[in-house]
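The chain contents come next:
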Amino acid sequence: MRYRRAKVPGGTYFFTVALADRKSTLLIEQADGLREAIRVVKLRHPFEIVAMVVLPDHLHAVWRLPPGDADYPTRWSLIKAGFSHGIPKSEHIRPSRAAKRERGLWQRRYWEHLIRDDQDLQAHVDYIHHNPAKHGYVAQASAWSHSSIHRYIRMGWVKEDWGIGGEVGGGYGE
């Protein structure tokens, strides 16, 4: 099946990518494997990670693609496959997935949104950084180790206590 996706060369996109088992903690248990899968894909298919957070069962990211390139589906496919190859096979694999040589780790689909302007970008970056607190994993965003908020703090773009005491962003792609 072919899904309608916004594909703008050089575009900036927000993504939500989730595991099939939404009760799993695999993404944080295997965060190094996910980081390595992303690193390997970036070598052959460059892109900038503007912001990202990895939660136990899903992740959110904002990517900026190179000029002339709109092929984020290939990047996600390779990241999912690279991550999955490093995980021992223990999940149930439905016949429909087995026929396509797929594992049962990831949801097949993912949410994507083309960022429209600077305000839209800021709203999505804020949403990403606030997400661990929104889900109740931490009291403040900077307490979550699997987040690009730490780069934002180091660069002086936000303070360590950013987001305390209020809701930030909207419900993008949950």
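Residues numbered from 1 in each chain as written. Predicted model: local features only at pLDDT ≥ 70, side-chain atom pairs only at ≥ 80, totals over all residues. Heavy atoms only, no water.

Colleague: Which parts of the structure should I look at to understand the overall build of the chain?
Modeller: Counting its regular elements, the chain contains six helices and four strands. Listing the helices and strands of the chain from first to last along the sequence gives β-α-α-β-β-α-α-β-α-α. Taking as baseline every contact in the chain between residues at least 6 positions apart, the subset at least 24 positions apart corresponds to 68%. Here the chain has roughly 9900 Å² of accessible surface; of this, 52% comes from carbon and sulfur atoms. (Helix = DSSP H or I, 4+ residues; strand = E, 2+ residues; numbered from the N terminus. Contact = heavy atoms within 4.5 Å. Areas by Shrake-Rupley, 256 points an atom, 1.4 Å probe, with all protein chains shown as cover.)

Colleague: Explain helix α3 (residues 72–85) here, please?
Modeller: Quick reminder: α-helices carry 3.6 residues per turn. Residues three or four places apart thus point the same way. With 14 residues, α3 extends 20 Å from end C-alpha to end C-alpha; this agrees with the ideal 20 Å at 1.5 Å per step. By the burial criterion, the buried members of α3 are Y72, R75, W76, I79, K80, F83 and S84. One side of α3 holds all its buried residues, which, seen down the axis, span an arc of 160°. The elements touched by buried residues of α3 are β1 (12–18), α1 (26–29), α2 (31–44), β3 (58–64) and β4 (111–114). (Expected span 1.5 Å × (residues − 1). Buried < 20%, exposed > 50% of the residue type's maximum accessible area, 1.4 Å probe, protein only. Arc of directions from axis to C-beta.)

Colleague: How should I be thinking about the nonpolar core in this particular structure?
Modeller: Across soluble globular proteins, you tend to see nonpolar side chains buried next to one another. Counting residues in each nonpolar core, the largest one holds 27 residues, and the members touching the most others are W63 and W76. Once residues lying within four places of it in the same chain are set aside, the contact partners of W63 are G11, T12, Y13, F15, F47, E48, I49, V50, Y72, R75, W76 and I79. The next biggest cluster of nonpolar side chains, apart from the first, holds 19 residues, and it includes A51, V53, V62 and V125. (Core = buried A, V, L, I, M, F, W, Y, C linked by side-chain atoms within 4.5 Å.)

Colleague: Got a minute to help me understand the side chain of H146 in this structure?
Modeller: With respect to the helices and strands, the residue H146 is situated in the loop between α5 (118–134) and α6 (149–154). At 3.5 Å, the side chain of H146 forms a polar contact with the side chain of S145. In contact with H146, not counting residues within four places along its chain, are I28, A31, M52, V53 and V54. (Polar contact = N/O pair within 3.5 Å; in protein donor to acceptor, adjacent residues only side chain to side chain.)

Colleague: I'm lost on the environment of I128 in this one. Help?
Modeller: You can see I128 is positioned in helix α5. Overall, I128 belongs to the buried group, its relative accessible area being 0%. Separated by 74 residues in the primary sequence, I128 and V54 place their C-alpha atoms 9.2 Å from one another.

Colleague: Hey, could you run me through the pattern of salt bridges in this one?
Modeller: Side chains carrying opposite charge are able to pair once their charged atoms draw close together. If you walk through the whole model with that rule in mind, you get six salt bridges. Ionic pairing is found between E48 and R64, a salt bridge with its closest N-O pair at 3.0 Å. Placement of E48 in strand β2 (residues 48–54) and of R64 in strand β3 is noted, with a sequence separation of 16 residues between them. Overall, E48 belongs to the partly exposed group, its relative accessible area being 36%. A salt bridge links R75 to D69; the nearest nitrogen and oxygen atoms lie 2.6 Å apart. (Salt bridge = Lys/Arg side-chain N within 4 Å of Asp/Glu carboxyl O.)

Colleague: Honestly, the packing of aromatic side chains in this entry has me stumped. Any pointers?
Modeller: We describe a pair of aromatic rings using the distance from one ring centre to the other and the angle between the two ring planes. Under the criterion given, the structure shown has 13 aromatic pairs. When the ring centre of F47 is taken as origin, the NZ or CZ atom of K42, which lies over that ring, is 5.6 Å away. (Phe/Tyr/Trp six-rings, centres within 6.5 Å; stacked < 30°, edge-to-face > 60°. Lys NZ or Arg CZ within 6 Å of the ring centre and 35° of its normal.)

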